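In case you want the letters, here they are:
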Amino acid sequence: MTVHIGADAGQIAETVLMPGDPLRAEWAANTFLDDPVCVNRVRGMLAFTGTWKGNRVTIHGSGMGMPSLSIYANELIREYGAKTLIRIGSCGAMQEKVAIRDVIVAMTASSLSTPSRGIFRELNFAPCADYGLLNAAVEAAKGTGANCHVGGIYSADVFYDERPDLNEIMTRHGILGVEMEAAELYNLAARHGVRALAVLTVSDHLLTGEALPSEDRQSSFGDMVQIALEAAFS
Ligand code: HPA
């Protein structure tokens, strides 16, 4: 047990998928894993451990935003020995070529700030994905039929952003989409020598105002779980 995770030692797998929403963790575990067991429900943050094609996997919610993800990822890595962490989540598109339902595999994650700011201070550290995972996810995405983009994303601190000028700068610099967790996941992975990746589906479009209809969210989410599992064990 740790401060925020109720699992016993040994109940967390070395491979952890991290959706933001704990109910999505439950759905993914029940849909994709054999013999899923709930191993955390502290503060309603659900986690399940089971197997996929014989490989042990934990699916653990991250909550929304980098401070929340940082709590769980730190404890998963430092206390439970997680070695591969893959965020699966949604993002807002920032390029015309990116459409609703497309998949973005995040090579890098820019930010204004992260919870690691206190460590990096004047250094503009460049958080980036594990190349092996990234490559495997791109291959896996081909099997889902999803239109897949690989490149930089933006990890924002606020969902209700009042700085449209920043979005314009991101778009002008080729940033594919915006979400709120990946940069700190990549920072932590670098610090602790583990593998990390973020696989995202586009749920809304900042340039067109379009949004994914709620009935389509489950199937897009399922594609991401499939891509993440195949990448982790390729
Ligand atoms: N902003 C931040 N995070 C998001 C968005 C967004 O527009 N869409 C999905 N996650």
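Everything discussed here concerns the structure shown above.
Description of the structure in this document.

What to know about helix H6 (residues 182-192)
No. 1: Across the eleven residues of H6, eight count as buried, placing the element largely inside the fold.
No. 2: Taken residue by residue, H6 has Ala182, Ala183, Glu184, Leu185, Tyr186, Asn187, Leu188 and Ala189 as its buried positions.
No. 3: A positive backbone phi angle near 65 degrees is found at glycine 193, which sits one or two residues after H6.

Examining unusual backbone geometry
No. 1: Positive phi, close to 50 degrees, is recorded for lysine 53, a residue that is not glycine.
No. 2: Within the secondary structure, lysine 53 sits in the loop between strand S3 (47-52) and strand S4 (55-60).
No. 3: Of note in the backbone geometry, arginine 121 takes a positive phi value of approximately 45 degrees without being a glycine.
No. 4: The topology assignment puts arginine 121 in the loop between helix H3 (117-120) and helix H4 (131-144).

Quick look at the nonpolar core
No. 1: In this structure, Leu17, Leu85, Ile86, Ile88, Tyr186, Leu197 and Val199 are the most contacted members of the largest nonpolar core, which totals 71 residues.
No. 2: Sorting elements by how many residues they give to this core places helix H7 (residues 214-232) first, with eight residues.
No. 3: When neighbours within four sequence positions are excluded, tyrosine 186 is seen to be in contact with Ala106, Met107, Thr108, Ala109, Pro127, Cys128, Ala129, Ala196, Leu197 and Ala198.

Structural notes on the pairing of strand S6 (residues 103-110)
No. 1: In this structure, S6 lies alongside strand S7 (residues 148-155), joined through seven bridges in parallel fashion. When the sheet's bridge partners are listed, valine 103 is paired in S7 with cysteine 148.
No. 2: Here three bridges tie S6 to strand S9 (residues 195-205), and the two strands are oriented antiparallel to one another. The residue bridging valine 103 from the neighbouring strand is threonine 201, located in S9.

Examining the pairing of S3
No. 1: Among the six residues of S3, five are classified as buried, and the element is accordingly described as predominantly covered.
No. 2: Counted between consecutive antiparallel strands, the loop separating strand S2 (residues 34-40) from S3 contains six residues, among which arginine 43 sits at a positive phi close to 55 degrees.
No. 3: The sheet contact formed by S3 and S4 spans six bridges and is antiparallel. Looking at the pairing, threonine 49 lines up with threonine 58 of S4.
No. 4: Taking the residues between adjacent antiparallel strands as the criterion, S3 and S4 are bridged by two residues, where lysine 53 takes a positive phi near 50 degrees.

A closer look at the packing of helix H1 (residues 22-32) against H7
No. 1: Look at H1 against H7: their axes get within 11 Å of each other, and the N-to-C directions meet at 65 degrees. The orientation of H1 relative to H7 falls into the category roughly perpendicular. In the packing of H1 onto H7, the handedness of the crossing is right-handed. Across the interface between the two elements, Arg24, Trp27, Ala28 and Phe32 of H1 pack against Arg217, Gln218, Phe221, Gly222, Val225, Gln226 and Leu229 of H7.
No. 2: In terms of residue class, the contact of H1 with H7 is made up of six nonpolar, three polar and two charged.

Conventions and cut-offs
- Positions within a chain are numbered from 1, following the residues in the order the chain's sequence is written.
- Local features in this predicted model are restricted to residues of pLDDT 70 or higher, and side-chain atom pairs are both shown and tallied only at a pLDDT of 80 or more, whereas totals for entire chains, interfaces and linings draw on every residue.
- Only hydrogens and water are set aside when side-chain values are computed; all heavy atoms of the structure are taken into account.
- Only protein chains enter the area calculation, which uses a 1.4 Å probe; residues under 20% of their type maximum are buried, those over 50% are exposed, and those in between are partly exposed.
- Segments assigned H or I by DSSP are reported as helices when at least four residues long, segments assigned E as strands when at least two residues long, and all are numbered from the N terminus.
- Throughout, nonpolar core names a set of buried Ala, Val, Leu, Ile, Met, Phe, Trp, Tyr and Cys residues whose side chains join them through atoms within 4.5 Å.
- Throughout, a contact is declared for two residues whenever any of their heavy atoms are within 4.5 Å.
- In this scheme, strands are said to pair when DSSP sees at least two bridges between them.
- The axes used here are C-alpha line fits, helices contributing only the stretch in contact, and every angle between their N-to-C directions lies in the interval 0 to 180 degrees.
- Note that the term roughly parallel is reserved for angles under 35 degrees, roughly antiparallel for angles over 145, roughly perpendicular for angles of 65 to 115, and oblique for everything else.
- For a crossing to be left-handed, the near helix must be turned anticlockwise from the far one by less than a right angle; the clockwise case is right-handed.
- Asp, Glu, Lys and Arg are counted as charged, while Ala, Val, Leu, Ile, Met, Phe, Trp, Tyr, Cys and Pro are counted as nonpolar; the rest, among them Gly, fall into the polar class.

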